[in-house]
Amino acid sequence: MEITQRTIQQAQQGNSKAISQIYETYLQRIYRYVAYRVNDERDIEDITAEVFIKMIEALPSYQITGAPFEAWLYRIAYSRIIDMRRKRTRHPQEDLPERMASEQPTPEQNVLDEQADHELRSAFSSLKEDDQNVLYLRFVEGKTHKEVAKIVNKSVTAVKATQHRALTRLANLLGQEKMRHYFRGDHD
Amino acid sequence: MTKKRLDFKQLADYLDQKEAESDTTEHDDNPLVQVAYRLQQDRMPQLSEATRQRIDARVSEAIKAQKTIRPRSYRLPMLASAAVLIIVLIFVPVMSASAVPGDLLYGTKRLIERAERAAAPILNTEAGMYLRLAQRRADEALILLERGTFTEELINESLDNLNQVTSTERVEIGRAIQVFTTLEYVVETAIVLNLNDDADTMREVLSDAPVNTLIPTTPPTMLPTLTATMAPTTSATPTSTPEPSITASTTVTLPSTVPVSPSSDTVLQPTERGFIDATARVNVRIEPRGAVVTVVNPLTTIEILGQNEDGSWIQIELPDGSRGWIVERFVTIGEAPQPTPMRTPSVGDEHTGNSDECQRPGANCNVTGEPSELPDNIPDTHSEEQPPVQPPANPPDAPPANPPTNPSDNRPGG
């Protein structure tokens, strides 16, 4: 569900019902976005709450331009994540989220899958921020190239190029041997 | 399924195609597609209920706090309103000053004038205010005249304001007369151009204007000069034809020092009576081509005292005893005819053009409505003294009082 312009305008005028509606609509998405890129549960919670608090403060000056409202929220979340990383010099691979294990219990036979997830997140976290952004929105959130372009405020072509570069880098990190064959053009 | 190397566009198209076909990329040989598939299959982080409640609580507080903060969007309209108000208060009065009836800002101009009227008694500036209003109405009438329309109401309102001026102290006589002459110019020109349907009424209104009482009848600087230069001349005409032989339509032709021939049709007596033969007021000057000291109404009875060397100027004495020089062609010997199509002159109706501007020696300033406005009786033989009538579009050459071409440029005190 998306938010209408009218709801946004009401929220800008301080209508708490409209603000709540926006919050309900985007809470899960913003939480996932943050959680996919930040490992610490407390950081995820703080950043998610801060995104909406910042949204409430800045709503009166928000200008409706036709771009999706969530793009603005993603940008707030993105800048908060960057801020948090600047403050903390923690290595991204240090602690992968335990919540993944606790909130979604792994079947007994999924130990290998869990390892694979760990490997994937680890590699993903080592990508550039812009690359992470595009890959997350494209494949985790399942957005089209055009939607991603609007959210990250780039052209569709730039998104496609970023996508290619990021997938190549990720593939390299996940299976370097295979990728060497691929880039040499070897065929089975 | 592809294992071939894809560039970024091919990869994007390939992934789009797979998504459109809901085709799984799990077994695709392309490693990039495989990585994309892994990302798609990655488990999404889930928001726990406890975490959600904590976030809800923090956001709810922020929503409550937001209610006490005035939205920033209100500040811009307030600033814009303040800017508009400043513009209105500063620029509109300036811009509306030159507005005339029919203009967009004329209503604003009148509104501002109401405020001036209300404030004048408090500020003790009533005289100046009435004079200013009179001048504005006269200027507006002049502008409208240039546009080819005549508005009687403006004339009447200007005269009403002039009337108020006379009842106050500290009157600026020169300015009042200037306003009056502007009104005369407008009325007479409107008559010439057939813009004024009720010419006689307007002339009567002007002749009855209380501004006449402002005009001094005897300029103090005139008499000594006239006495010194003209007395011998007037005594040099001992003979003349009997007075009954002089007709009212005969124009004086006077030699300056030679006695008038008895055989002449027109004989000058030492103190011959005559009258002003013009359709509007005529300047009386301190000496031939000298400064204007007063004006005299048409048909005013005068005493002829003498003339200059070439006979083009006549020295006269007015009914009030003042003396001066007048162009010869405006003087006719004899009694003034009755009745008159023009406004009837009366005692004390001589208007003195002693405005500051016209007091300057050699100033080419015709103080009041004089024959220059009326082409019928003004041959262009003394253009320096009596310029011919001009169309209203170019008034500075024509009007007797030099009414400003653009009154707004010349308006005192706004």
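The rules behind each value
Residues numbered from 1 in each chain as written. Chains lettered and ligands numbered in written order. Predicted model: local features only at pLDDT ≥ 70, side-chain atom pairs only at ≥ 80, totals over all residues. Heavy atoms only, no water. Helix = DSSP H or I, 4+ residues; strand = E, 2+ residues; numbered from the N terminus. Contact = heavy atoms within 4.5 Å. Buried < 20%, exposed > 50% of the residue type's maximum accessible area, 1.4 Å probe, protein only. Areas by Shrake-Rupley, 256 points an atom, 1.4 Å probe, with all protein chains shown as cover. Buried area = accessible area lost by both parts, 1.4 Å probe. Salt bridge = Lys/Arg side-chain N within 4 Å of Asp/Glu carboxyl O. pLDDT = per-residue confidence, 0-100. Axes fitted to C-alpha atoms, helices over the stretch in contact; angles between N-to-C directions. Parallel < 35°, antiparallel > 145°, perpendicular 65-115°, else oblique. Left-handed = near helix turned anticlockwise from the far one by under 90°. Nonpolar A, V, L, I, M, F, W, Y, C, P; charged D, E, K, R; others polar.

1. Quick notes on the overall build of chain A
- When its secondary structure is counted, chain A shows 10 helices and 0 strands.
- Secondary structure elements of chain A, listed N to C terminal, follow the sequence α-α-α-α-α-α-α-α-α-α.
- When contacts within chain A are restricted to residue pairs at least 6 apart in sequence, those whose partners lie at least 24 apart make up 65%.

2. Some points on the overall build of chain B
- When you go through chain B residue by residue, the secondary structure sums to 11 helices and 7 strands.
- Counting the 414 residues in chain B, one finds 47% classified as buried.
- Element-wise, carbon and sulfur atoms account for 55% of the exposed surface of chain B, whose accessible area totals about 19800 Å².

3. Brief notes about the interface of chain B and chain A
- Each partner contributes to the interface: chain B provides 42 residues, whereas chain A provides 59 residues.
- Taking both partners together, chain B and chain A bury about 5000 Å²; carbon and sulfur atoms supply 61% of that area.
- Inspection of the region where chain B meets chain A yields 5 salt bridges.
- Here D16 of chain B makes a salt bridge to R138 of chain A, at a shortest N to O gap of 3.9 Å.

4. Brief notes about the confidence of the model for chain B
All names here are of chain B.
- Per-residue confidence for chain B gives a mean pLDDT of 67, with 59% of residues at or over 70.
- Here helix α10 (residues 223-234) stands out as the element of chain B with the lowest mean pLDDT, 38, in contrast to strand β5 (residues 313-317), whose mean of 89 is the highest.
- Counting contacts from residues 217-269, a segment whose pLDDT is below 50, to residues more than four positions away or on other chains yields 103 contacts.
- Predicted confidence is poor over residues 340-414, with pLDDT under 50, and the contacts of this stretch with residues over four places away or in other chains come to 205 contacts.

5. Focus on unusual backbone geometry
- Here the phi dihedral of N153 of chain A falls at roughly 60 degrees; this positive angle occurs in a residue that is not glycine.
- Tracing the backbone through its elements, the reader meets N153 of chain A in the loop between α8 (145-152) and α9 (156-174).
- Residue N153 of chain A is classed as exposed on the basis of its relative accessible area of 61%.
- Phi at L299 of chain B takes a positive value of approximately 70 degrees, unusual for a residue other than glycine.

6. Examining the packing of helix α5 (residues 106-123) of chain B against helix α6 (residues 126-146) of chain B
Residues and elements named next belong to chain B.
- It is at 9 Å that the axes of α5 and α6 come closest, and there the two elements cross at 160 degrees. Relative to α6, the element α5 lies roughly antiparallel. Between α5 and α6 lies a crossing whose hand is left-handed. Across from Y106, K109, R110, E113, E116, R117, A120 and P121 in α5, the residues of α6 making contact are E126, M129, Y130, R132, L133, R136, R137 and E140.
- Residues that form the contact of α5 with α6 fall into these classes: 6 nonpolar, no polar and 10 charged.

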